[in-house]
Amino acid sequence: MSDLTPTSERPGLHVSKPSPSDPATASAVCHCGASATAKGDSQVKALVDGYTANHGPAHSQNGR
Ligand SMILES: [Zn+2]
């Protein structure tokens, strides 16, 4: 799984949930330099929402 983790060379968003009984984990790295990790379903959801709203594809929508 570690090779799916985003890095500054390969920005992106990765969410992992090993099994239904385990908390989800997520890591995100944006090409703008921002990075974040989260653990737990609600925190992962917040990270995904924030990343998609402000980073990644949102940069091109904002003209950045
Ligand atoms: Zn960004």
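Below you will find a few notes about this structure. Just so you know, these numbers come straight off a predicted model, no measurement behind them.

When you line up the elements, aspartate 41 lands in helix α1 (residues 41-54). On the basis of relative accessible area, aspartate 41 is assigned to the partly exposed category, the value being 45%. Along the backbone, aspartate 41 and serine 21 are 20 residues apart, and their C-alpha atoms lie at a distance of 11 Å. In contact with aspartate 41, not counting residues within four places along its chain, are Lys17, Pro23 and Ala24. There is a polar contact of 3.1 Å between the side chain of aspartate 41 and the backbone nitrogen of alanine 24.

Attention shifts here to the sheet that holds strand β2 (residues 25-29). The strand order across the open sheet formed by three strands is β1-β2-β3, and the pairing between neighbours is antiparallel. Since the sheet does not close on itself, it has two edges, and those belong to β1 (12-16) and β3 (35-39), each with one partner. Neighbour-to-neighbour, the strand axes of this sheet turn through a mean angle of 5°, independent of strand direction. Looking at chain direction, β1 and β2 are connected through five bridges and run antiparallel. What sits directly across from histidine 14, in β2, is serine 27.

Let us look at α1. Given a rise of 1.5 Å per residue, 14 residues ought to cover 20 Å, and the 20 Å separating the end C-alpha atoms of α1 matches this to within 8%. Every buried residue of α1 is accounted for by Val44, Leu47 and Tyr51. On an axial view of α1, the arc spanned by its buried residues comes to 60°, and they lie on one face. Turned more than 90 degrees from where α1 packs its buried face, Ser42, Lys45 and Ala46 sit exposed. The inward-facing, buried residues of α1 contact β1, β2 and β3. Glycine 56 sits one or two positions beyond α1 and adopts a positive phi of about 60°.

Cut-offs used in this document
Residues numbered from 1 in each chain as written. Predicted model: local features only at pLDDT ≥ 70, side-chain atom pairs only at ≥ 80, totals over all residues. Heavy atoms only, no water. Helix = DSSP H or I, 4+ residues; strand = E, 2+ residues; numbered from the N terminus. Buried < 20%, exposed > 50% of the residue type's maximum accessible area, 1.4 Å probe, protein only. Contact = heavy atoms within 4.5 Å. Polar contact = N/O pair within 3.5 Å; in protein donor to acceptor, adjacent residues only side chain to side chain. Pairing = 2+ DSSP bridges. Axes fitted to C-alpha atoms, helices over the stretch in contact; angles between N-to-C directions. Expected span 1.5 Å × (residues − 1). Arc of directions from axis to C-beta.

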